[in-house]
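# Understanding the architecture of this molecule
What follows is the residue order along each chain.
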Amino acid sequence: MCAGGWSCVFFLIAVALPTPTPPSLRAAADHAGILIGAAVRPEQLSEAAYASTLAREFNMVEPEDAIKWEVVHPAALSFDFSQGDKMVDFAMTHKMKIRGHTLVWHQQNPKWLTEKKYTSGELAEILERHIKTVVGHYRGKIFAWDVVNEAFDELQPGKLRSTIWRDQPGIVMAGNEAASSSPAHSTPSARSSQQSYAYIERCFRWAHEADPQALLFYNEAEAEVMNPKSDAIYAMVRDFRQRGVPIDGVGFQMHIANLHPDVASVSANIKRFTVLGVQVHITEMDVALPVDPNGNARPEDLQLQADIYREIATACLSHPGCTAIQTWGFTDKYSWIGSHSKHTQGAALPFDRDYRPKPAYAALRNALGSGRR
Ligand code: XIL
């Protein structure tokens with residue numbers, strides 16, 4: 001063991017002292033003054049390792065699916081908050097902040113909504129009631145909402161997606177608030193884009209009426225870098241801020257599958273939004289890796305993944321207005337990437353299937369650890 005003399009003294013000291021445990025992500029984030037969150041499946045909270053890892057490592061949660069329309073509003077006249085409430089109770093017990101996701105989306109809507117033909121006026125009433133009921137239920141508990149999710153189209157750069165809310169039949173005809181509240185000096189092109197996203201404006205106004213304290217976010221995919229989609233969102237948010245539409249932030253989803261992302265462009269994009277006076281939250285980060293049939297990734301890819309987590313966290317921390325980093329789940333045991341990619345990709349999160357920290361975990365923690373501001 002030791003040959004005698006000083007080496008024995010050092011050996012005895014080393015075995016007598018407890019192994020220092022590095023701080024959790026949560027402790028590092030608290031110290032850095034930023035929120036570190038994870039999307040949660042409330043049905044897993046009864047699993048001890050799931051619950052203890054979540055409470056130890058994160059200071060914020062968001063329901064992955066539990067308060068989407070199809071779960072929370074299963075029939076026209078009934079709401080079911082049981083899953084969402086379970087997560088909220090957990091978060092409050094463990095003093096975690098709660099984000100809400102999502103009030104208006106084109107996916108995961110119930111059949112009673114999508115299969116019946118409603119007029120614009122009926123649809124506007126349904127949506128207003130949904131937003132006010134859900135936001136009202138969690139008033140004072142959910143501090144930030146993804147009010148509208150993914151309203152811009154992937155295939156037509158800069159254009160809004162056709163959805164039940166926008167134009168199938170859309171809720172705009174029921175009232176044209178954007179046009180009526182436009183300043184007289186708006187240019188014709190500004191007026192026409194205001195009218196095209198007038199439905200989004202109405203959603204933010206309804207959410208604000210239901211909880212004036214809640215921070216209201218527009219959340220989007222594939223607009224993390226400077227591109228036509230993020231340009232269009234930027235123009236909308238700038239217009240909303242100029243006209244006093246209640247918007248407080250923009251969510252960058254950050255589902256990454258390309259292992260060489262343009263982080264400088266992400267950083268420039270965060271900067272331009274925060275300069276408008278809105279916060280940026282990284283809302284759904286994961287880094288999907290190619291996996292073998294057993295779900296295992298290559299060691300070199302796990303290292304690249306760690307670099308990406310570190311670089312994105314560092315980019316966020318370098319802008320005071322980027323106030324939260326959240327991963328979409330936290331353990332590879334429960335991640336949407338597997339089913340979404342037909343099991344060709346996976347291993348996307350900082351903990352493996354047995355809740356062991358991966359290189360991405362250490363990278364994220366180191367970034368948070370050096371990110372005091
Ligand atoms: C995903 C969930 O993770 C899955 O469980 C569900 O089956 C489909 O939706 N962008 C979003 C999230 O805003 O709501 C999506 O979540 C992932 C992409």
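All values derive from a computational prediction rather than experimental measurement.

What counts and how
- Residues numbered from 1 in each chain as written.
- Predicted model: local features only at pLDDT ≥ 70, side-chain atom pairs only at ≥ 80, totals over all residues.
- Heavy atoms only, no water.
- Near = heavy atom within 4 Å.
- Areas by Shrake-Rupley, 256 points an atom, 1.4 Å probe, with all protein chains shown as cover.
- Nonpolar A, V, L, I, M, F, W, Y, C, P; charged D, E, K, R; others polar.
- Axes fitted to C-alpha atoms, helices over the stretch in contact; angles between N-to-C directions.
- Helix = DSSP H or I, 4+ residues; strand = E, 2+ residues; numbered from the N terminus.
- Parallel < 35°, antiparallel > 145°, perpendicular 65-115°, else oblique.
- Contact = heavy atoms within 4.5 Å.
- pLDDT = per-residue confidence, 0-100.
- Salt bridge = Lys/Arg side-chain N within 4 Å of Asp/Glu carboxyl O.
- Core = buried A, V, L, I, M, F, W, Y, C linked by side-chain atoms within 4.5 Å.
- Buried < 20%, exposed > 50% of the residue type's maximum accessible area, 1.4 Å probe, protein only.
- Left-handed = near helix turned anticlockwise from the far one by under 90°.
- Phe/Tyr/Trp six-rings, centres within 6.5 Å; stacked < 30°, edge-to-face > 60°.
- Lys NZ or Arg CZ within 6 Å of the ring centre and 35° of its normal.

## A look at the site of the ligand
Around the ligand, a shell composed of 13 residues is seen, among which Glu64, Asp65, Lys68, His101 and Glu284 lie nearest. For the ligand, the protein covers 81% of the area, taking 410 Å² as the surface of the free molecule. Classifying every residue of the shell around the ligand gives three nonpolar, five polar and five charged.

## Here's the deal with the packing of helix α11 (residues 228–243) against helix α12 (residues 263–275)
How two helices sit against one another is set out by the angle between their axes and by the gap between those axes. Following both chains from N to C, one finds α11 and α12 inclined at 10°, their axes separated by 10 Å at the closest point. The angle between α11 and α12 falls in the class roughly parallel. In contact with Ser230, Asp231, Ile233, Tyr234 and Val237 of α11, α12 contributes Asn269, Arg272 and Phe273. Residues belonging to the contact of α11 with α12 are distributed by class as follows: four nonpolar, two polar and two charged.

## What about the confidence of the model for the chain?
Mean pLDDT over the chain works out to 92, with 88% of the residues at or above the 70 mark. Counted against residues more than four places away or in other chains, residues 174–185, with its pLDDT under 50, gives 23 contacts.

## Some points on the pattern of salt bridges
Opposite charge on two side chains makes pairing possible when the charged atoms of those side chains draw close. Per the stated rule, a full pass over the model turns up 22 salt bridges. Ionic pairing is found between Lys229 and Glu154, a salt bridge with its closest N-O pair at 2.6 Å. Taken together, the positions of Lys229 in helix α11 and Glu154 in the loop between β4 (144–149) and α8 (177–181) put the pair 75 residues apart, joining distant regions of the chain. Via salt bridges that share partners, Glu154, Arg161, Glu220 and Lys229 belong to a single interconnected network.

## Regarding the nonpolar core
Core analysis: the biggest nonpolar cluster contains 108 residues, and Leu54, Trp145, Trp165, Ile200, Phe204 and Phe273 have the highest contact counts within it. Ignoring sequence-local partners within four residues, the contact set of Phe273 consists of Ser230, Ile233, Tyr234, Val237, Val250, Phe252, Val278 and Val280. Leu35, Met60, Ala144 and Phe217 belong to the second-largest nonpolar core, a separate cluster that totals six residues.

## Some words on the side chain of Gln44
Relative to the helices and strands, Gln44 resides in the loop between β1 (35–40) and α3 (48–57). Looking at Gln44, the relative accessible area reads 16%, which means it is buried.

## Remarks on the packing of helix α2 (residues 25–32) against helix α15 (residues 359–369)
Packing of α2 against α15 leaves a shortest axis separation of 8 Å and a crossing angle of 20°. Accordingly, the angle class assigned to the pair α2 and α15 is roughly parallel. Of the two possible hands of crossing, α2 and α15 adopt the one that is left-handed. Between α2, through Leu25, Ala28, Ala29 and Ala32, and α15, the contact on the second element is made entirely by Tyr361, Leu364, Arg365, Leu368 and Gly369. In the contact of α2 with α15, the residues fall into seven nonpolar, one polar and one charged.

## A look at the packing of aromatic side chains
Counted under the stated rule, the structure contains 15 aromatic pairs. Where Tyr50 meets Phe330, the ring centres are 4.8 Å apart and the plane angle is 50°; that geometry is what we call tilted. Taken together, the residues span a long stretch of sequence, with Tyr50 in helix α3 and Phe330 in the loop between β10 (322–327) and α14 (336–340) at a distance of 280 residues. You can call Tyr50 buried: its relative accessible area is 2%. Here the aromatic rings of Phe330 and Tyr355 are separated by 6.4 Å at their centres, their planes lie at 45°, and the arrangement is tilted. Here the residue Phe330 occupies a position in the loop between β10 and α14, and Tyr355 occupies one in the loop between β11 (345–346) and α15, the gap between them amounting to 25 residues. Both residues of the pair, Phe330 and Tyr355, belong to the buried class. Members of the aromatic cluster, each reached through a chain of ring pairs, are Tyr50, Phe58, Phe330, Tyr334, Phe351, Tyr355 and Tyr361. Stacked on the ring of Phe217, the Lys or Arg Arg99 has its end atom at 4.9 Å from the ring centre. If you follow Arg272 out to its NZ or CZ, it ends over the ring of Tyr234, 5.0 Å from the centre.

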